[in-house]
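An overview of the molecular structure
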Amino acid sequence: QVQLVESGGRLVQAGGSLRLSCVASRSTIYSYDMGWFRQAAGKEREFVAGVKGNNINREYSDSVKGRFTISRDNGKNTVYLQMNSLNPEDTAVYYCAAGNPRIRIGTKSDLFTYWGQGTQVTVSS
């Protein structure tokens, strides 16, 4: 089983930036599609961004496209989410996930097998 640990979440002012990281327990992370999801209080978990093992093919939700960037360093077994121009609507627990590779990166949570425990991001006005 793959274990995922997120870090980097904190309180940040609107307009600021954060970089989240997700470290996997196995070097075979290169063989998985990786994604970031988020869940705000009282809301459903939603897709944020995804990247394939080649670190080239990416998908973003419309709400974060142009502001967030997902990337991965397979040599470090790590996936990153760079978040810029943050606003209060980005406040949520952010989760890292790994899933079996698909032709197109999945945007549904049930397409991912392994999940981290989450890291809290809070954006103040």
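Position numbers for residues start from 1 in each chain and track the written sequence from start to end. Local features in a predicted model are, by the rule used here, given only for residues with pLDDT of at least 70; side-chain atom pairs are given and counted only at 80 or more, and totals for whole chains, interfaces and linings are based on all residues. Working from all heavy atoms in the structure, the side-chain values ignore hydrogens and water.

1. Describing the overall build of the chain
Helix and strand counts for the chain stand at zero helices and eleven strands. N-terminal to C-terminal, the α/β element order of the chain is β-β-β-β-β-β-β-β-β-β-β. Compactness check: the chain gives a C-alpha radius of gyration of 13 Å against a globular reference of 14 Å for 125 residues, within 12% of the reference. Relative to its full complement of 125 residues, the chain shows a buried share of 44%. Partitioning the contacts of the chain with sequence separation of at least 6, the portion at a separation of at least 24 is 59%. Working definition of accessibility: Shrake-Rupley area with a 1.4 Å probe, residue cover restricted to the visible protein chains. When the accessible area of the chain is evaluated, it comes to approximately 6,600 Å², of which 44% is carbon and sulfur surface. Across the chain, the centroid of the 15 positively charged side chains sits 5 Å from that of the 10 negatively charged ones. Strands are runs of DSSP state E lasting at least two residues, helices are runs of H or I lasting at least four, and both sets are numbered from the N terminus onward. C-alpha atoms define the radius of gyration, and 2.2 Å times the number of residues to the power 0.38 defines the globule rule. Throughout, exposure labels follow a simple rule: accessible area from a 1.4 Å probe, protein chains only, divided by the maximum for the residue type, with under 20% read as buried, over 50% as exposed, and the rest as partly exposed. Only heavy atoms enter the contact rule, under which two residues are in contact if any of them lie within 4.5 Å. As used throughout, the charge tally considers Lys and Arg to be positive and Asp and Glu to be negative, leaving His and the chain termini uncounted. Taken as the charge centre is NZ of Lys, CZ of Arg, CG of Asp or CD of Glu, depending on the residue.

2. Looking at the sheet that holds strand 3 (residues 18–24)
Any two strands between which DSSP finds at least two bridges are classified as paired. Read from one edge to the other, the open sheet built from four strands follows the order 1-3-8-7, with strand pairing classed as antiparallel. Edge strands, defined here as strands with exactly one partner in the open sheet, are strand 1 (4–7) and strand 7 (68–73). Averaged over all neighbouring strand pairs, the angle between strand axes comes to 15°, with direction disregarded. Inspection of the sheet shows strand 7 paired to strand 8 (residues 78–83) by six bridges, in the antiparallel sense. Across the sheet, residue D73 finds its bridge partner in strand 8, namely T78. To obtain each axis, a line is fitted to C-alpha atoms, and for helices this fit is confined to the stretch in contact; angles are then taken between N-to-C directions over 0 to 180 degrees.

3. Overview of the environment of S63
Tracing the backbone shows S63 in the loop between strand 6 (58–60) and strand 7. Sequence separation between S63 and F47 is 16 residues; the distance between their C-alpha atoms is 10.0 Å. Any N or O atom pair separated by 3.5 Å or less is treated as a polar contact, with the protein-specific requirement of one donor-capable and one acceptor-capable atom, and with residues adjacent in sequence counted only for side-chain atom pairs. Within the structure, S63 has its side chain in polar contact with the side chain of R38 (distance 3.5 Å).

4. Section: the nonpolar core
Buried Ala, Val, Leu, Ile, Met, Phe, Trp, Tyr and Cys residues that are joined via side-chain atoms within 4.5 Å together make up what is termed a nonpolar core. Ranked by internal contacts, the top residues of the largest apolar core, which has 28 residues, are L4, M34, W36, L81, M83 and Y94. For this core, the secondary-structure elements that each account for two or more residues are strand 3, strand 4 (33–39), strand 5 (46–51), strand 7, strand 8, strand 9 (92–99) and strand 11 (119–124).

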